[in-house]
Amino acid sequence: MARRYDSGDAKRRILAASVRLFLEKGYTNTKVAEILKEADVSAGSFQNIFHTKNGVLTELIGMMFGMQFGAVKPLAANVPSPAYIYAVETALQLALTELSENLRDIYVEAYTFPAAAEIIHRSTTVELQAAFGAYMPGCAESDFYEMELGTAGMMRGYMARKCDQYFTLEHKIRRFLSMSLSAFQVPEQERGQIIAFVAGVDVRAEGRKVMDALLASLSVQFELKEK
C-alpha cells in the first residue's frame, strides 16, 4: 500500500519517478501504474496533482526548457546579437533528441500534447521577440507567436526524424537554422555568420551536460526515499 505524503512531497516523488522511467523506457511506453509504484504514491494523489501522464509531461517540459536556456547563456556570451542565442538553443534542442530515442519520444510528445506545446510556444515567443524584434520592428508579440507556431512545426518534424549518414545532425541544424533565420528576416550574410558560429559549438557534449544537470537537480531535490 502506498504511503501518505503531503502534496508537495508527493509531487516531487512523482516527478522523480517519471523522469527515471521516461528516460529508461520512453514517455509512450511508461504506464501510470509504473509511475505510482516507483514513486510509492496512491492513484488518488497522482490524480489530484497531475490528473494524467500528460500533466506530468507539462510540468517536466518547463523544467527541461529552463535547463536548456541556462546552458545556452555561457555558450553565446558576448555574441553580436540575440539571434545567436536562439540559434544555439535550437541547435542544442535538436542535439538532445539525438542522445537517445527515449529523449526524442519526450520532446516530440511535448510538441504534440496541447498543454505542453503551449508552454513551449509562450516561452519561445518571448525569446523570438527578443532575438528578432530588431529585424522585424513592425511585428507585435502576437506576430511572433504566430510565427512560433510555424517554426515549432519545423522543429517537431526535424526532432522526429532520426539522423543518419545522409541527414546528419550537422546537416539538420544547418537546414533548420537556414529556414528559420530566413523566416525572421535575418540578412543572408548574417545568417551565414550565425550558422558558422553554431557549427563551432559541440552541441552533442552540451546536450549531455543539460541532461546531467537535470538528473543532478532531480537527485538532489526529488530523491526518492528507501521504501
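Keep in mind it's a predicted model, so treat the numbers as computed, not measured.

*Asks:* Explanation requested: helix α8 (residues 141-160) in the structure shown.
*Replies:* Along its 20 residues, α8 runs 28 Å from first to last C-alpha, staying within 8% of the 28 Å computed at 1.5 Å per residue. Taken as a whole, α8 has its buried residues at Phe144, Tyr145, Glu148, Thr151, Ala152, Met155, Tyr158 and Met159. Looking at the buried positions of α8, the neighbouring elements they touch are α5 (82-96), α6 (101-112), α7 (114-132) and α9 (169-183).

*Asks:* Is there a simple way to explain the packing of α6 against α7 in this structure?
*Replies:* When two helices pack together, you describe them by how their axes are tilted relative to each other and by the distance separating the axes. Across the interface, α6 lies against α7 with an axial gap of 5 Å and an inter-helix angle of 90°. Classified by the interaxial angle, the pair formed by α6 and α7 is roughly perpendicular. In this structure, α6 uses Ala110, Tyr111 and Thr112 to contact α7, whose residues at the interface are Pro114, Ala116, Ala117 and Ile120. Taken together, the residues of the contact of α6 with α7 sort by class into six nonpolar, one polar and no charged.

*Asks:* Honestly, α6 in this entry has me stumped. Any pointers?
*Replies:* Owing to its 3.6 residues per turn, the α-helix aligns residues three or four sequence positions apart on the same side. Its 12 residues place the ends of α6 16 Å apart at the C-alpha level, agreeing with the 16 Å of an ideal helix rising 1.5 Å per residue. Counting buried positions over the 12 residues of α6 gives nine, a clear majority of the element. Along α6, the residues that are buried comprise Asn102, Leu103, Arg104, Asp105, Ile106, Tyr107, Val108, Ala110 and Tyr111.

*Asks:* Is there a simple way to think about the packing of helix α4 (residues 53-75) against α5 in this case?
*Replies:* Two elements in contact, α4 and α5, have axes separated by 9 Å at closest approach and are oriented at 125°. With respect to α5, the element α4 is oriented oblique. Crossing of α4 over α5 shows right-handed handedness. For the pair α4 and α5, the contacting residues are Phe65, Gln68, Phe69, Ala71, Val72 and Leu75 in the first and Ile85, Val88, Glu89, Leu92, Gln93 and Leu96 in the second. The residue makeup of the contact of α4 with α5, split by class, is nine nonpolar, two polar and one charged.

Cut-offs applied
- Residues numbered from 1 in each chain as written.
- Predicted model: local features only at pLDDT ≥ 70, side-chain atom pairs only at ≥ 80, totals over all residues.
- Heavy atoms only, no water.
- Helix = DSSP H or I, 4+ residues; strand = E, 2+ residues; numbered from the N terminus.
- Expected span 1.5 Å × (residues − 1).
- Buried < 20%, exposed > 50% of the residue type's maximum accessible area, 1.4 Å probe, protein only.
- Contact = heavy atoms within 4.5 Å.
- Axes fitted to C-alpha atoms, helices over the stretch in contact; angles between N-to-C directions.
- Parallel < 35°, antiparallel > 145°, perpendicular 65-115°, else oblique.
- Nonpolar A, V, L, I, M, F, W, Y, C, P; charged D, E, K, R; others polar.
- Left-handed = near helix turned anticlockwise from the far one by under 90°.

Interpretation in functional terms is not warranted from these geometric data alone.
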